[in-house]
Amino acid sequence: MIFANSLQKKIEKARLLQSKLAEKIKIRPLRLDKGIIAGIDVSYRNEFMFCAIVLLNFPSLRIADIYSDKKKVDFPYIPGFLSFRELPVILKTFKQVKEKVSLIFCDGQGIAHPRGFGLASHIGSVLNIPSIGCAKSRLIGTYKEPGIKKGSYSDLIYNEKIVGAVVRTRDNCQPIFVSPGNCIDIESSVKYVLMTSRFRIPEPTRLAHIYVTRLKFQK
C-alpha cells in the first residue's frame, strides 16, 4: 500500500509537470541545410536501460559519432509517462556529446500526447534543441490512411487539433507517426523525416536502435 501511494504521488507530480512544461513548447518552422543530427533510442535488459545516441552529418547521413551509456531503471513503464523512465539515461548519455547538435530524432511521441508533452518534447525542452518524435505506433488521435507512395501523409488529429502526421516513408509500407517535439513545426518535421528515411524508420533512430540493441547484449 505504501509503495502504491508513493507511485501514485510520482505519477500525479509527473502529470502536473507535463502539463506545465507543455505550455512552453515552441512550434515553429525549422530550416536546416546542413549540420549534425542525432538519433536516440533506449532499450532494456533485466533491471538496466541502455541508450545509444548516433550522430549523423546532414544531409549526407554519414555517421559522425556514436555515444552510449546505461542506467538502472527507477521508474515503471506507464503509458504517457515514458520520458520520466527514459530521460535520465538519455541525459546521462548526452553529457558525452561534444558536437553541436541541430536536430534530434527520437523513438517516441512529441506533442502527439495526451498532455502535449511526450518523450521528444521533453528531450527537446530540456536540451533546448529542435526535436522530432518518430513513433512506430499511435498513442492518441485519429487519422485517415495516407496514400501508398513514399511522401504521402495525413493529419493526426486529437481534440480537434492537428498534433502530428501519419507519414509513409516507403512505398507500400506501414506509416510512422510523426509529431514535433520542440522548436519545430509539423511541416518541418515531416520534411526532415522524409529526407532522412531510406527504410521505414528514419536513419537517425534506425541506426540508434541497431547500436543500442548490440550494446545491451554486450554488457
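Structure: above.
A brief structural summary.

Cut-offs and rules
- Residues numbered from 1 in each chain as written.
- Predicted model: local features only at pLDDT ≥ 70, side-chain atom pairs only at ≥ 80, totals over all residues.
- Heavy atoms only, no water.
- Helix = DSSP H or I, 4+ residues; strand = E, 2+ residues; numbered from the N terminus.
- Rg over C-alpha atoms; globule rule 2.2 N^0.38 Å.
- Buried < 20%, exposed > 50% of the residue type's maximum accessible area, 1.4 Å probe, protein only.
- Contact = heavy atoms within 4.5 Å.
- Disulfide = S-S within 2.5 Å.
- Pairing = 2+ DSSP bridges.
- Axes fitted to C-alpha atoms, helices over the stretch in contact; angles between N-to-C directions.
- Parallel < 35°, antiparallel > 145°, perpendicular 65-115°, else oblique.
- Left-handed = near helix turned anticlockwise from the far one by under 90°.
- Salt bridge = Lys/Arg side-chain N within 4 Å of Asp/Glu carboxyl O.

Let's talk about the overall build of the chain
Then comes step 1: When helices and strands are tallied, the chain shows five helices and eight strands.
Then comes step 2: Along the chain direction, N to C, the helices and strands of the chain fall in the order α-β-β-β-α-β-α-β-β-β-β-α-α.
Then comes step 3: Since a compact globule built from 219 residues should have a radius of gyration of about 17 Å, the 17 Å found for the chain is in line with a globular shape.
Then comes step 4: Within the chain, the proportion of its 219 residues that are buried is 50%.
Then comes step 5: Long-range pairs, those at least 24 residues apart, make up 63% of the contacts in the chain between residues at least 6 apart in sequence.

Considerations on the environment of D155
Then comes step 1: Locating D155 in the fold gives a position in strand β6 (residues 153-158).
Then comes step 2: Taking the C-alpha atoms as reference points, D155 and G141, separated by 14 residues in sequence, lie 9.5 Å from one another.
Then comes step 3: Contacts of D155, omitting those with residues within four sequence positions, involve T142, Y143, I162 and G164.

Here we look at the state of the cysteines
Then comes step 1: The full count for this structure, using the stated rule, is zero disulfides.
Then comes step 2: The thiol of C106 is not disulfide-bonded; the next cysteine sulfur, from C134, is found 7.1 Å away.

Looking at the sheet that holds strand β2 (residues 48-58)
Then comes step 1: Ordered in space as β3-β2-β1-β4-β5-β8-β7-β6, the eight strands form an open sheet in which the pairing is mixed. The sheet is open, and its two borders are formed by β3 (63-72) and β6, each paired with just one other strand. With strand direction ignored, the average angle separating the axes of adjacent strands in the sheet is 25°.
Then comes step 2: In the sheet, strand β4 (residues 103-106) pairs with strand β5 (residues 131-135) via three bridges, with the strands oriented parallel. If you follow C106 over to β5, its bridge partner there is G133.

Re the packing of helix α2 (residues 82-94) against helix α3 (residues 119-127)
Then comes step 1: One way to put it is that α2 packs onto α3 with a least axis distance of 10 Å and a crossing angle of 40°. The angle between the axes of α2 and α3 places the two elements in the oblique class. As α2 runs across α3, the sense of the crossing is right-handed. Within the contact between the two elements, α2 uses L82, S83, F84, E86, L87, I90, L91 and F94 and α3 uses L119, H122, I123, V126 and L127.

Notes on the pattern of salt bridges
Then comes step 1: Overall, the coordinates contain nine salt bridges when judged by the stated rule.
Then comes step 2: Put simply, K149 and D171 hold a salt bridge, and the shortest N to O gap is 3.9 Å. Of this pair, K149 sits in the loop between β5 and β6 while D171 sits in the loop between β7 (161-167) and β8 (176-182), and the two are 22 residues apart along the sequence.

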